[in-house]
Amino acid sequence: MLKLFKIIADAGEATAKYPFAPFPVSPGFRGKPELNAAQCIACAACTTACPANALTMGNDTADGTRTWQLNLGRCIFCGRCEEVCPTHAIVLTPEFELAVANKADLLQKATFRLQQCEQCGQPFAPAKEIGYVMDLLRQSGVAVDEARRAEFASCPACKRKATVTRDAVSQHLSQEAEQ
Amino acid sequence: MNGPLPLSNPMAPRDERGMPVPLTESEHIAALKGKLLKDIQRSAYVYRVDCGGCNGCEIEIFAAITPVFDAERFGIKVVASPRHADILLFTGAVTRAMRMPALRAWQAAPDPKISVSYGACGCSGGIFHDLYCVWGGSDKIVPVDVYIPGCPPTPAATLYGFAMALGLLDQKLKGTHQIEGEADRAVVAHPAIALDVRVEIEREARRLAGYRAGRLIADEFLTLASETDLTLDECMKRRLSGEEDPRLAEILTRLWDIGAGVARG
Amino acid sequence: MSVSEQTKVGQNYVDGLRERFGAAILETEWQTADQVTVTVKLGSLPDVVEWLYYQQGGWLSVLFGNDERPLNGHFAVYYVLSMEGLVKSWVVVRALVEEHRPEFPSVTPRVPAAVWGEREIRDMYGLVPVGLPDERRLVLPDDWPEDLHPLRKDAMAYNQRPAPTTDDETYTFVNEASGSTRDVPLGPLHITSDEPGHFRLFVDGEDIVDADYRMFYVHRGMEKLAETRMGYDEVTFLSDRVCGICGFTHSVAYSSAVENALGLAVPARAQAIRSVFLEVERLHSHLLNLGLASHFVGFDTGFMQFFRVREKAMTMAELLTGARKTYGMNLIGGVRRDIMKDERTRTLKLVAELRAETTQLIDMLLSTPNLRERTAGVGVLSKQVARDYSPVGPLVRASGFKRDVRDLHAYAGYGSLPFDVHTEDSCDVLGRVLVRAREFFDSLAIIEHALDNLPAGPVLLEGFHYQPHRFALGFAEAPRGEDIHWAMTGDNQKLYRWRCRAPTYANWPPLRYMLRGNTVSDAPLIVASIDPCYSCTDRVTLVDVKKRKSTTVPYKEIERYGRERKNSPLK
């Protein structure tokens, strides 16, 4: 019994002041994921990696947009989105005060424009992703000026078609040359 | 295959396909609940209904009532029977086997009562949201007043959620919808460094220090390398002299090796 | 993986099987140096398992089915034996079951430990264990349709939800007592902690004559999910959520199953960090259980003190992993975070504080007369029952068996870490408390040693390829016993089959024997002593079979009675 009293006396006031004072968390604490939409290229790497399907993406082809959504009510705060994001657009913050009365407040969304194919007019990739790819090529030493944007703004199907046609034409030309 | 369905059970309503639908509350009870929240000037008793979770939530609730967090300071007390409860705390994604016991607990609690979905599974089914043996969250079977996200919510997040459920603290989180602006452009990191070198440095840093510390270390290294007027070797010697964390020194040295290899071609 | 003849551990068991069973041994295949899968003729299954179990020092760790019809036209059943005789290794006995004759001879009459696994195979695959007396469902809920077996590859989608067939609980409880008894059903909802379960005590006056239980109120369908919606890395996060207390242990067991199947060499630093996280998990889990032991003997001040100190272990977890409970730190091939100097220093400081404070607490707890009085000689797990049912963790160690996979089949970094396997011969609740207390201090020493000797190099292996249909075991010693996983890779970047066995699955079947002969007031304490992902109850119904009369009293009553032992609700 005396031992117990000593322990209690030694422990003193153990209770944290929260919620009357902020509750400090560790530096690497995994709280609410925060998207910097300006830096996001809507590539969907995070939605593929998300084990809980808290991150989803959907295209609205009529509208020409892609909408990213984080459901904080489903999020398991694993940080895989942060880990796989190629542009560092999403990070987990120390924020943990996330309770809501209205379920819709758990949804965080961001809408991005889709690039329409220069040839067929179909939306095929986020516009920003194309700009980002061009910047990456510049970073790897390839000279890419804005005038070539049209080349990058063609959908894979149209590109393939263009390649096939070009090949067919050149084959035809070379055959003619042989004759 | 399933035989006749007991559609008439008022305690466990189903739709025309025989699938469970949430219970509803009458307007009268909703009004009573509003009044309770406005005028609550006494302790609030909490009963936990585990609808098939992993126990992570249960243990964090436990932690919230023990000395360091001590929810009982605010009169929030975990009670042993739903008949004593003001607040029902639903954890778990609602497994098939727990649907009826959970509904019985809800029925047993006196009106007006506040229902809280606790944790990712309670709020939406969490990682289990679409599995064959769960219904995907507590609001699939009962009306819910407050959602506390987290996997599991920490004890501090639990205190915040309780305080919010009782109207003592305001809701901080709002739904957001960002729209891409005309001028938005994703910035390429460290544009002065060749892409393949940056990628190799970033990968190696992640392999060595994990995604979080690795990113910070790679950033530091790449910033140093691109902003210095010195040679890489001199710059790194200066950086590493007096470094007190041997592991950080090991990682930076490894990145330096890679950088030096590139410089040599 | 090709295992060279020189490195094979456990060849003696294979040779013994061939010598004894000859033509019944169809095929042997080595997965790792100490894991071999032996395919036997279906009819010889019980003989082979029994021989390995009782004659060769085997323990049945897990058994499961697999729908291999797309691979070889058959169903398969696997019985995993941890060989703990002179040679420590794993022998997996496999037998093929014909699609058109979906039955196999039950092993349970020979090796009682097989009982739950065989019932589960019947639920999930519709394969009938012939000769298994218990024909009740195990895993599937009462409202699940007959003849729908979720893990058959052609049965259903992982997200298909058949309408409930009933709103009633239809499970029947079995009472093996000879005389007349009263029923005391406990559950499935409860006040204390953890997951729902329903068990029924059959009592004669104050004495428990028999007990039966209905678990799996939390069956969610994870194994099916892992085979469908998720890729390999995502499943590490799913396995974190098998259990809220020892999730990381499951995650390590799963990851190492896949790594073993592919023959990956996980970096030494990653292995050491896994060991650190595993021991952090043991710290908070053991403090939780010691706290609960105090609670159940009516010593709530002690309970609160253990929980106060336990917060330091939670802080340590948050510091090292970014989360208090679900660490989410594994990927196939390693871990996601390193331990830098600052984290190391702060962890070592917390270790020192935990050691000092817990030493005081345990000294105080053990000198509290009530503890010894209430726990000594209570909830006895006899050595024979332990041997028959293959329980794990502090439960089996307190019955005198030196079973700990950290020692028997070293994984992660345990081969070079300092710890003892603590055992007690008292076979009772007190013994389990003592074992846990000693293990707690070993965990502190392991963390210190590992942090002081972290190998250099990477924490993650990358750039490997997944080959289809490779399989192996992965295992890790959770605070309450070993987690054992079996994983088979698929050909679509997803698992073909994942089997996960939590320790409590192995510890429930012998519980009935531990309850028999004790008093009702000891029941919550005994259940808590296996440190289950556990269940007490919301209400207690007393059924007097003789008078055909039933009364219901709140669970609180039985818990109060458990602590105070005054004014029995049974009177």
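Residues numbered from 1 in each chain as written. Chains lettered and ligands numbered in written order. Predicted model: local features only at pLDDT ≥ 70, side-chain atom pairs only at ≥ 80, totals over all residues. Heavy atoms only, no water.

Peer 1: Explain the overall build of chain A to me, please; I cannot follow it from the model alone.
Peer 2: Scanning chain A from N- to C-terminus turns up six helices and six strands. The secondary structure elements of chain A, listed N-terminal to C-terminal, are α-β-α-β-β-α-β-β-β-α-α-α. Here the C-alpha atoms of chain A give a radius of gyration of 26 Å, more than 25% beyond the 16 Å that 2.2 N^0.38 yields for 179 residues. Considering chain A as a whole, with its 179 residues, one finds that 46% of them fall into the buried category. Expressed as a percentage of contacts within chain A between residues at least 6 apart in sequence, the contacts between residues at least 24 apart total 61%. A total of about 8900 Å² of accessible surface is found on chain A, and carbon and sulfur atoms cover 56% of it. One way to put it: in chain A the 19 positive side-chain charges average out to a point 6 Å from where the 19 negative ones average out. (Helix = DSSP H or I, 4+ residues; strand = E, 2+ residues; numbered from the N terminus. Rg over C-alpha atoms; globule rule 2.2 N^0.38 Å. Buried < 20%, exposed > 50% of the residue type's maximum accessible area, 1.4 Å probe, protein only. Contact = heavy atoms within 4.5 Å. Areas by Shrake-Rupley, 256 points an atom, 1.4 Å probe, with all protein chains shown as cover. Lys, Arg positive; Asp, Glu negative; His and termini not counted. Charge placed at Lys NZ, Arg CZ, Asp CG, Glu CD.)

Peer 1: Which parts of the structure should I look at to understand the pattern of salt bridges?
Peer 2: Side-chain pairing between opposite charges can occur once the charged atoms of the two side chains come close. Tallying each qualifying case throughout the model produces 67 salt bridges over all chains. Across the pair Arg185 of chain B and Asp135 of chain A runs a salt bridge, and its minimum N-O distance is 2.8 Å. Taken as a pair, Arg185 of chain B in the loop between strand 6 (176-179) and helix 6 (195-227) and Asp135 of chain A in helix 4 (residues 127-139) lie in two separate chains rather than in one. Since its relative accessible area comes to 14%, Asp135 of chain A is described here as buried. Notably, a salt bridge pairs Asp130 of chain B with Arg229 of chain C, separated by 2.5 Å at the nearest N-O pair. Of this pair, Asp130 of chain B sits in the loop between helix 4 (119-124) and strand 5 (146-148) while Arg229 of chain C sits in the loop between helix 5 (222-226) and helix 6 (232-239), each in a different chain. Several salt bridges converge on common partners, so that one network encompasses Arg80 and Glu83 of chain A, Glu204, Arg206, Arg207 and Arg254 of chain B together with Asp233, Arg336 and Glu462 of chain C. (Salt bridge = Lys/Arg side-chain N within 4 Å of Asp/Glu carboxyl O.)

Peer 1: Which parts of the structure should I look at to understand the interface of chain B and chain A?
Peer 2: By a frequent convention, interface size equals the accessible area lost on bringing the separate parts together. Listed by partner, the interface residues are 58 residues for chain B and 62 residues for chain A. Of the roughly 5100 Å² buried between chain B and chain A on both sides combined, carbon and sulfur atoms contribute 53%. For the interface between chain B and chain A, the tally reads six salt bridges. Across the pair Lys172 of chain B and Glu95 of chain A runs a salt bridge whose closest N-O atoms are separated by 3.7 Å. Elements with a minimum of two residues in the side of chain B that touches chain A: helix 4, strand 5, helix 5 (155-165), strand 6 and helix 6 of chain B. Broken down by element, the residue count for the side of chain B that touches chain A peaks at seven residues, all from helix 6 of chain B. Split by residue class, the side of chain B that touches chain A holds 29 nonpolar, 13 polar and 16 charged. Strand direction decides the pairing type here: strand 5 (residues 107-116) of chain A and strand 6 of chain B, joined by four bridges, are parallel. From the neighbouring strand, Gln108 of chain A faces strand 6 of chain B, where its bridge partner is Thr176 of chain B. (Buried area = accessible area lost by both parts, 1.4 Å probe. Nonpolar A, V, L, I, M, F, W, Y, C, P; charged D, E, K, R; others polar. Pairing = 2+ DSSP bridges.)

Peer 1: Before we go on, may I ask you to explain the domain arrangement of chain C in this structure?
Peer 2: All names here are of chain C. What the domain assignment reports for chain C is domain 1 (5-130), domain 2 (182-218 + 514-564) and domain 3 (222-501). With centres defined by C-alpha atoms, the gap from domain 1 to domain 3 works out at 27 Å. Listed per partner, the contact involves 35 residues of domain 1 and 27 residues of domain 3. When domain 1 packs against domain 3, close to 2600 Å² is buried across both sides, 58% of that on carbon and sulfur atoms. If you sort the residues of domain 1 by the area they bury against domain 3, Trp59, Phe64 and Trp90 come out on top, with a joint share of 24%. Counting every contact that joins domain 1 to domain 3 gives two salt bridges. For the salt bridge of Arg403 with Glu84, the shortest nitrogen-to-oxygen distance reads 2.9 Å. Our count for the domain 1 to domain 3 interface comes out at 16 residue pairs in polar contact (both at pLDDT 80 or more). The set of elements that each furnish at least two residues to the side of domain 1 that touches domain 3 consists of strand 1 (25-32), strand 2 (35-40), helix 2 (45-55), strand 3 (58-68), helix 3 (69-72), strand 4 (74-84), strand 5 (88-98) and helix 4 (115-125). By residue number, the principal contributor to the side of domain 1 that touches domain 3 is strand 3, which donates 11 residues. (Domains from an automatic or database assignment. Polar contact = N/O pair within 3.5 Å; in protein donor to acceptor, adjacent residues only side chain to side chain.)

Peer 1: Hey, could you run me through the interface of chain B and chain C in this one?
Peer 2: Listed per partner, the contact involves 75 residues of chain B and 74 residues of chain C. Counting each side, the surface lost to burial between chain B and chain C is near 6400 Å², with a carbon and sulfur contribution of 59%. For the pair chain B and chain C, the interface holds eight salt bridges. On the surface where chain B and chain C come into contact, there are 21 residue pairs in polar contact (both at pLDDT 80 or more). Broken down by secondary-structure element, the contributors of at least two residues to the side of chain B that touches chain C are strand 1 (44-50), helix 2 (56-65), helix 3 (96-108), helix 6 and helix 8 (246-264) of chain B. With nine residues, the top contributor of residues to the side of chain B that touches chain C is helix 6 of chain B. Taken together, the residues that form the side of chain B that touches chain C break down as 42 nonpolar, 15 polar and 18 charged.

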